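# Topology and contacts: notes
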Amino acid sequence: MIKPFNNPIYITQPILPDYKDLTSEIRNLYDSRMLTNLGPYHQKLELKLQKFLQVKYLSLFNNATIGLITALKALDLPFGSEVITTPFTFAATPHAIVWNGLKPVFCDIEPKTMTLDPDKIEGQISTRTSAILGVHVYGFPCKVGQISSIARANNLKVMYDGAHAFTTKIDQESICDFGDITVLSFHATKLFHTLEGGALVYNDPSLHKKVKNLRNFGIQDEFTVTDIGINGKLNEVQAIFGLLNLSLVKEEQNKRKTIAEIYRSRLPQLDAINIPEMPLGTSDSFQYFPILIEEHRDLVYKTLRDYNIHARKYFYPPCTEYECYQNLGSRESLPVTYEIADKVLCLPFYGALGCENANIICDVIEIALKKSS
Ligand code: T4K
């Protein structure tokens, strides 16, 4: 008989650097007393990440939300203009639009990748539209080619929220190469993290100057402020964690791959369960493991919780159910979003989970679905 876990099994568990390595770097920090304001660890991490992801420009931020807000500001979109985005995302995505005095226009997603449906974007474009903000949800890439064509034809900027897509690639090319700016999250719940943190990635050198300036209050030098900037700086302790964690990412991904194989081999045997597949030619970031459950998602969620397994309904409800966005979409106008949000469940997914626990999670899901029949 399967017993509930004594300690909770969460959706994720952060990787952590070797304690001795960490303290030796912290010792250096004590000696230098340079704790923040784009210090040497910060600079080193920016360069390392640029190389690791093979991207042209990367600017670190203190979290992805401030990164999103700054990226939209850097694109210089007309105040009050409309940004087409997905309601199937974390609250930070539309919030960043509104924090810039812009209006989110929610467009439905397509069922395979759960990202913005390009065929529905055009119907949402008006004379007030200034940008498209797609989300590579769970690391599934948006249909970047089609979105680029639509943007080009309508003179729109394109931004991507790549909070879940740290190493996602399309045909060997980093997902961050597409669109004007991509935002990454390095929150503790992410595959690669700096406790809290994030980055903006882009190819345009003029954006680089602008982003760096906005990140540091718009300060040019000791006596000159040229932009209404923000404090988006990542501190040196976070940068140290980042440098040490970066060397653990590959191993963590391999462990997650093994867990994904267990889920993939066992769960599709259950009639109610579908596992979304990454499109051909794309490589997974192994950030989340979403499954879609017909009819009985909430029963599975609750049964897992009875066994102290904390799967998460990311992203239920859709953003259009939040009080602040209620007038901006509904089940009728966003049918695919609502259908996916009703079925989705993200399973615990981290290296230290181990094969045995992954199998127990599958057993409990089986038990839940038996109850339903
Ligand atoms: N765009 C998208 C698409 C996003 O998903 C997010 C964030 C953002 C933008 C904004 O990125 P940031 O500004 O945060 O960089 C979590 C994360 O806080 C959030 O970063 C993430 N997406 C979102 C999907 O998940 P919660 O409220 O679900 O987190 P919480 O505290 O319930 O954590 C989940 C589980 O992780 C816990 O049950 C236990 C475990 N955990 C968590 C933390 C914080 C740990 O083991 N250790 C920890 O330190 O939002």
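Computed from a predicted model, the values in this text were never measured in an experiment. (Residues numbered from 1 in each chain as written. Predicted model: local features only at pLDDT ≥ 70, side-chain atom pairs only at ≥ 80, totals over all residues. Heavy atoms only, no water.)

### Brief notes about the nonpolar core
Core analysis: the largest hydrophobic core is formed by 43 residues, its most contacted members being Leu 49 and Phe 166. Secondary structure elements with two or more residues in this core: helix 1 (19–32), helix 2 (40–53), strand 1 (57–61), helix 6 (144–154), strand 5 (157–161), strand 9 (198–202) and helix 8 (236–246). Within the second largest apolar cluster, 33 residues are counted, among which are Leu 270, Ile 275, Ile 291 and Cys 362. (Core = buried A, V, L, I, M, F, W, Y, C linked by side-chain atoms within 4.5 Å. Buried < 20%, exposed > 50% of the residue type's maximum accessible area, 1.4 Å probe, protein only. Helix = DSSP H or I, 4+ residues; strand = E, 2+ residues; numbered from the N terminus.)

### So, the sheet that holds strand 1
Read from one edge of the open sheet, seven strands run 1-9-8-5-4-2-3, paired in mixed fashion. Because the sheet does not close on itself, it has two edges, and the strands there are strand 1 and strand 3 (103–106). The average undirected angle you get between the axes of adjacent strands in this sheet is 25°. With five bridges connecting them, strand 4 (residues 129–135) and strand 5 associate as parallel partners. Of the residues in strand 5, the one forming a bridge with Ala 131 is Lys 157. Along the sheet, helix 6 makes contact with strand 4 and strand 5, crossing strand 5 at roughly 150°. (Pairing = 2+ DSSP bridges. Axes fitted to C-alpha atoms, helices over the stretch in contact; angles between N-to-C directions. Contact = heavy atoms within 4.5 Å.)

### Some details on helix 3 (residues 64–74)
Among the 11 residues in helix 3, nine count as buried, and that is most of the element. For helix 3, every residue scored as buried is listed here: Ala 64, Ile 66, Gly 67, Leu 68, Ile 69, Thr 70, Ala 71, Leu 72 and Ala 74. Backbone geometry just after helix 3 places Asp 76 at a positive phi near 55°.

### Some points on the site of the ligand
As a structural note, the neighbourhood of the ligand is formed by 25 residues, with Thr 65, Asp 161, His 164, Arg 312 and Tyr 314 the closest of them. Note that an oxygen atom of the ligand is positioned 2.8 Å from one of the side-chain N or O atoms of Ser 185. The side chain of Lys 190 places a nitrogen or oxygen atom 3.1 Å from an oxygen atom of the ligand. Notes on the ligand: free accessible area 920 Å², of which the protein chains cover 75%. Contributing elements (two or more residues each) for the shell around the ligand: helix 3 and helix 4 (92–99). Both domains that meet at the shell around the ligand, namely domain 1 (19–246) and domain 2 (249–372), each give it at least three residues. (Near = heavy atom within 4 Å. Polar contact = N/O pair within 3.5 Å; in protein donor to acceptor, adjacent residues only side chain to side chain. Areas by Shrake-Rupley, 256 points an atom, 1.4 Å probe, with all protein chains shown as cover. Domains from an automatic or database assignment.)

### Concerning the sheet that holds strand 7 (residues 173–174)
The three strands are arranged 7-6-13 in an open sheet whose pairing can be described as antiparallel. A strand with exactly one partner marks an edge of an open sheet, and here the two such strands are strand 7 and strand 13 (282–283). In terms of strand pairing, strand 6 (residues 169–170) meets strand 7 through two bridges, oriented antiparallel. By the bridge assignment for strand 7, Ile 170 is matched with Glu 173.

### Structural notes on the domain arrangement of the chain
Frequently, the measure chosen for interface size is the accessible area removed from exposure when the parts meet. Taken domain by domain, the chain consists of domain 1 (19–246) and domain 2 (249–372). Computed over C-alpha atoms, the centres of domain 1 and domain 2 are 25 Å apart. Contacts between the two partners involve 40 residues from domain 1 and, on the opposite side, 35 residues from domain 2. Buried surface at the junction of domain 1 and domain 2, summed over both partners, amounts to about 3100 Å²; 67% is from carbon and sulfur atoms. (Buried area = accessible area lost by both parts, 1.4 Å probe.)

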